[in-house]
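Below are the chains, spelled out letter by letter.
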Amino acid sequence: PTRLLAMVDASVGGKVGVNLPQGKNLVGAFYQPDMVVIDTECLSTLPAREMRCGLAECIKHGVIRDESLFNWIDANLEHIMDLDSAALVELIHRNVQIKADVVMADEKESGERAHLNFGHTFAHAIEATQGFGVYHHGEAVSLGMVAASHLAADLGSCAREVYIQLVKLLKRVGLPTRTENLPSTKALMEAMKLDKKVQSDTIRLILPDRMGTVSIVNDTPTEAIARAWDALRS
């Protein structure tokens, strides 16, 4: 992996997939590598936008598994963006450990591995309706996490403070938390129904309970999901 996003997420876990016009990663398989070699020097060759996109997945890991990681990223953001070697090594090590722990517990995503999809059902709908490439994946994930945490707060299953903390850190990183560049909510809802995580026509979402803990939610009211989409435009 040569990008931060690949180092902390895509290279760990053995998922190989391709996008279709209908949606993200709809065709794929599990194929574990013999070895993953990460060289942080590669990051010095990339634009800052790629670092920001990778940090979206790092922040995701903090929200779903490790509040201390979330707080550490917040406290060390300047060192990370300056590509400080020690900060990068710690950042990548902590995130790879989280991803590896989840994957080893549930390789084929029969349960716990789905937690890694926090924000991604929204993100994949954005990518599919906008055409892959308008938003980089990390940028779509940022918007998706904002929508998901807003939804959890709206439903009363999570304190609004989690939403506020998340938005604040994403803004500091330089990732989008609002956008006017979205299709209709109806189009986005239709795209969500094609996501690979849909089961029996039910949209399965990963929503925060508190910072560091999430749950799989299968019965979210359609009206609440629509409000979460609308919140990205406000």
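Residues numbered from 1 in each chain as written. Predicted model: local features only at pLDDT ≥ 70, side-chain atom pairs only at ≥ 80, totals over all residues. Heavy atoms only, no water.

> Is there a simple way to think about the overall build of the protein chain in this case?
A count of helical and extended segments in the protein chain gives 10 helices and four strands. For the protein chain, the α and β elements follow one another from N to C terminus as α-β-β-α-α-α-α-α-α-α-α-β-β-α. Against the 2.2 N^0.38 benchmark of 17 Å for 234 residues, the protein chain shows a C-alpha radius of gyration of 17 Å, consistent with a compact globule. For the protein chain, the spread of C-alpha atoms along the three principal axes comes to 45 × 35 × 30 Å. Among the 234 residues that make up the protein chain, the fraction classed as buried is 52%. Intrachain contacts of the protein chain at a sequence separation of at least 6 include 72% that bridge at least 24 residues. (Helix = DSSP H or I, 4+ residues; strand = E, 2+ residues; numbered from the N terminus. Rg over C-alpha atoms; globule rule 2.2 N^0.38 Å. Buried < 20%, exposed > 50% of the residue type's maximum accessible area, 1.4 Å probe, protein only. Contact = heavy atoms within 4.5 Å.)

> Explain the nonpolar core here, please?
One recurring pattern in soluble globular proteins: nonpolar side chains tend to sit buried together. I59, I73, F122 and W229 are the most contacted members of the largest nonpolar core, which totals 67 residues. Once you skip the residues sitting within four places of it in the chain, W229 turns out to touch F122, A125, I126, L182, T185, L188, M189 and M192. (Core = buried A, V, L, I, M, F, W, Y, C linked by side-chain atoms within 4.5 Å.)

> Any chance you could explain empty space enclosed by the protein here in plain terms?
Summary: where empty space remains is shown by rolling a probe the size of a single water molecule over the atoms. Tallying each qualifying case throughout the model produces one cavity of 30 Å³ or more. Of the voids in this model, the largest cavity is the one considered here, and its volume is about 50 Å³. Counting only elements with at least two residues in the lining of the largest cavity, the list comes to β2 (23-30) and α6 (120-130). Looking at the lining of the largest cavity, its residues break down into five nonpolar, three polar and three charged. (1 Å grid on protein atoms, 1.4 Å probe; cavity = no way out; pocket = protein on both sides within 12 Å on 5 of 7 lines; lining within 4 Å. Points joined across faces, edges and corners; volume = space filled by probe spheres on them. Nonpolar A, V, L, I, M, F, W, Y, C, P; charged D, E, K, R; others polar.)

> What exactly am I supposed to notice about the pattern of salt bridges here?
Opposite charge on two side chains permits pairing when their charged atoms draw close. Across all of its chains, the model carries 12 salt bridges by this definition. Of the charged contacts, one joins D9 and K60 as a salt bridge, the two residues approaching to 3.7 Å between their closest N and O atoms. Placement of D9 in helix α1 (residues 4-10) and of K60 in helix α2 (residues 48-65) is noted, with a sequence separation of 51 residues between them. Given a relative accessible area of 11%, D9 falls into the buried group. Look at K60 and you get buried, because its relative accessible area is 1%. Residue R65 is joined to E112 by a salt bridge in which the shortest nitrogen-to-oxygen separation is 2.7 Å. (Salt bridge = Lys/Arg side-chain N within 4 Å of Asp/Glu carboxyl O.)

> So what exactly am I meant to see when it comes to helix α3 (residues 67-75) here?
Residues spaced three or four apart along an α-helix face the same direction, because each turn holds 3.6 residues. For α3, the complete set of buried residues consists of L69, F70, W72 and I73. On an axial view of α3, the arc spanned by its buried residues comes to 165°, and they lie on one face. Tucked inside the fold, the buried residues of α3 contact α2, α4 (77-81), α5 (85-105) and α8 (160-173). (Arc of directions from axis to C-beta.)

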